[in-house]
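Close look at the chain arrangement
If you want the building blocks of each chain, they are given just below.
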Amino acid sequence: MSYLDNLENNLKALEKQEERDPEKVKREQERREAERSAALLRAPHVDALKNSPFTLELLTQCRGIGHQQRVLVQFTWLGETLRLDAKEKRMLLAPTSDGITAMFSVNGDETGRTTVDPKVDDAGELARRWLL
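For clarity, every value in this text was computed on a predicted model and none was experimentally measured.

1. Considerations on the environment of Lys87
Note on placement: Lys87 falls in the loop between β2 (81–86) and β3 (89–96). According to the relative accessible area criterion, Lys87 is exposed, its value standing at 65%. The spacing of Lys87 and Ala39 is 48 residues in sequence and 32 Å in space, taken between C-alpha atoms. When near neighbours in sequence (up to four residues on either side) are disregarded, Lys87 contacts Val71 and Leu72.

Given below as structure tokens:
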């Protein structure tokens, strides 16, 4: 057996030993379960953010206000998060287990944070708060 074959066998044995470590397996399983339960708690808010008329109205209002100010408002989906950018201003709409959180920032410095309920809140008011 060559040196490289021996080294490869030793690495494989170490990997299998790590896989069989009961503490590591338990921690990994607990981590996966925590991520799954957090995703299940966020799921209705993710769906509300992606599919509600509120989001469409918010994007329309932001584009309208941006047009009046001669500012291009760009929006980007980053996984479950909606990011809106207008020059140095940014708003992130992120679903959490408690609802949807809107975070406002200017030049990377957070200027405010609020909870948004798409069923109740006014999209135009949120757009004005962010851009004006």
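2. Comments concerning the pattern of salt bridges
This structure, assessed with the given rule, holds nine salt bridges. The partner of Glu28 in a salt bridge is Arg31, and the shortest N-O contact between them spans 2.2 Å. Here Glu28 pairs with Arg31, and both are found in helix α2 (residues 22–51), just three residues apart, close to one helical turn. Linking Glu80 and Arg42 is a salt bridge whose minimum nitrogen-to-oxygen distance equals 2.9 Å.

3. Looking at the packing of aromatic side chains
A full pass over the atoms with the stated rule returns zero aromatic pairs. Seen from the ring of Trp77, Lys50 lies directly overhead, with NZ or CZ sitting 5.4 Å from the centre.

4. Here's the deal with the environment of Thr76
You can see Thr76 is positioned in strand β1 (residues 73–78). Residues Thr76 and Arg27 lie 49 residues apart in sequence; the distance between their C-alpha atoms is 34 Å. In this view, Thr76 contacts Thr81, Leu82 and Arg83; residues no more than four positions away in its chain are not counted.

5. Considerations on helix α3 (residues 53–68)
An ideal rise of 1.5 Å per residue puts 22 Å on 16 residues; α3 measures up with 23 Å between its terminal C-alpha atoms. Of the residues making up α3, those classed as buried are Phe54, Thr55, Leu58, Leu59, Cys62, Ile65 and Gly66. Burial along α3 is one-sided: seen end-on, the buried residues are contained in an arc of 135°. For α3, the exposed residues lying more than 90 degrees away from the buried face are Pro53, Leu56, His67 and Gln68. Tucked into the core, α3 has its buried residues touching α2, β1, β2, β3, β5 (109–116) and α4 (123–131). After α3 finishes, the residue Arg70 shows a positive phi value of roughly 60°.

6. Describing the side chain of Thr55
Tracing the sequence through the fold places Thr55 in helix α3. By relative accessible area, Thr55 is classed as buried at 5%. Polar contacts involving the side chain of Thr55 include one to the main-chain carbonyl oxygen of Leu49, which spans 2.4 Å. Beyond its immediate chain neighbours, meaning those up to four positions away, Thr55 contacts Ala48, Leu49, Trp77 and Leu82.

7. Brief notes about the pairing of β2
Relative to β2, β1 runs antiparallel, the two being bridged by six bridges. Residue pairing for β2: Phe75 is matched across the bridge by Leu84. In sequence, β1 turns back onto β2 through a hairpin of two residues, with Gly79 there showing a positive phi of about 70°.

8. Examining the environment of Val120
Within the element layout of this structure, Val120 appears in the loop between β5 and α4. For the pair formed by Val120 and Leu59, sequence separation is 61 residues and the distance between their alpha carbons is 17 Å.

How each quantity is defined
Residues numbered from 1 in each chain as written. Predicted model: local features only at pLDDT ≥ 70, side-chain atom pairs only at ≥ 80, totals over all residues. Heavy atoms only, no water. Helix = DSSP H or I, 4+ residues; strand = E, 2+ residues; numbered from the N terminus. Buried < 20%, exposed > 50% of the residue type's maximum accessible area, 1.4 Å probe, protein only. Contact = heavy atoms within 4.5 Å. Salt bridge = Lys/Arg side-chain N within 4 Å of Asp/Glu carboxyl O. Phe/Tyr/Trp six-rings, centres within 6.5 Å; stacked < 30°, edge-to-face > 60°. Lys NZ or Arg CZ within 6 Å of the ring centre and 35° of its normal. Expected span 1.5 Å × (residues − 1). Arc of directions from axis to C-beta. Polar contact = N/O pair within 3.5 Å; in protein donor to acceptor, adjacent residues only side chain to side chain. Pairing = 2+ DSSP bridges.

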